[in-house]
Amino acid sequence: NSLVELRLSANQLGSEGVVELTRGLGADDKGEIDGKKRSALRTLDLSNTNCGAEGASMALKCTSLSSLRLFNNKLGSEGFEAITPFLKGGHPSLVNLDLGGNNAKEDAVAGLLQALLHKEEDDCSTLRVLEIGGNEVGNEVESILKELERVRPELDIARDKPKVQQEMEQELQSFMQENKSN
């Protein structure tokens, strides 16, 4: 009976705690896996754990994981820049990656998405769902998202609605409410 799911959401592990946890799961500082420590863990929820860029990077080195939640860790742009190399061309085991609510600026989000565009001939990316809501999304990101739809149609990227669309929907809803009583 091996542990396959670990939900640590809202436990303030910090960067050091997450680094130690992931070492116990078999990841090392070089991103290599110790064959003796191959973990059965498939789902790791580190939402709101204050894991920092170092903890997030180490978690991405755990190649047994198919689902990783890094939601609301205040990674910011620096954190996105730190994890981007681990996502170049996709990821070898992750199917679902939640990076929502980390307040990264558009240039960092764009850089991360650009890394996913790189598709090699021997591409073995398993990534199918990426959550980026709660980070800055503008024209540059929208443009890269369109390119990703073409290059990686299997990848579903969840994000916040653009502000223009939100405003239009609110106006439509107001209009409908006003005309409903007429």
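Structural data are supplied above this passage.
Here the structure is a predicted model, which means the values were calculated and not measured.

So, the overall build of the protein chain
Scanning the protein chain for helices and strands turns up 6 helices and 6 strands. Along the protein chain, helices (α) and strands (β) appear in the sequence β-α-β-α-β-α-β-α-β-α-β-α when read from the amino end. Sequence-distant contacts in the protein chain: of pairs separated by 6 or more residues, those separated by 24 or more amount to 82%. For the protein chain, the exposed surface amounts to about 10,100 Å²; the carbon and sulfur share of it is 47%.

Observations concerning the pattern of salt bridges
For the coordinates displayed, the defined rule picks out 9 salt bridges. A salt bridge links R152 to E154, with the nearest nitrogen and oxygen atoms 3.6 Å apart. The class for E154 is partly exposed, based on a relative accessible area of 29%. Linked through salt bridges whose partners overlap, the residues forming this network are E5, R7, D45, R69 and D98.

Structural notes on unusual backbone geometry
Phi at N48 is positive, roughly 55 degrees, even though this residue is not glycine. Tracing the backbone through its elements, the reader meets N48 in the loop between β2 (43–45) and α2 (52–60). Look at N103: it is not a glycine, yet its phi comes out positive at around 55 degrees. Along the chain, the position of N103 falls in the loop between β4 (96–98) and α4 (106–117).

Thresholds applied
- Residues numbered from 1 in each chain as written.
- Predicted model: local features only at pLDDT ≥ 70, side-chain atom pairs only at ≥ 80, totals over all residues.
- Heavy atoms only, no water.
- Helix = DSSP H or I, 4+ residues; strand = E, 2+ residues; numbered from the N terminus.
- Contact = heavy atoms within 4.5 Å.
- Areas by Shrake-Rupley, 256 points an atom, 1.4 Å probe, with all protein chains shown as cover.
- Salt bridge = Lys/Arg side-chain N within 4 Å of Asp/Glu carboxyl O.
- Buried < 20%, exposed > 50% of the residue type's maximum accessible area, 1.4 Å probe, protein only.

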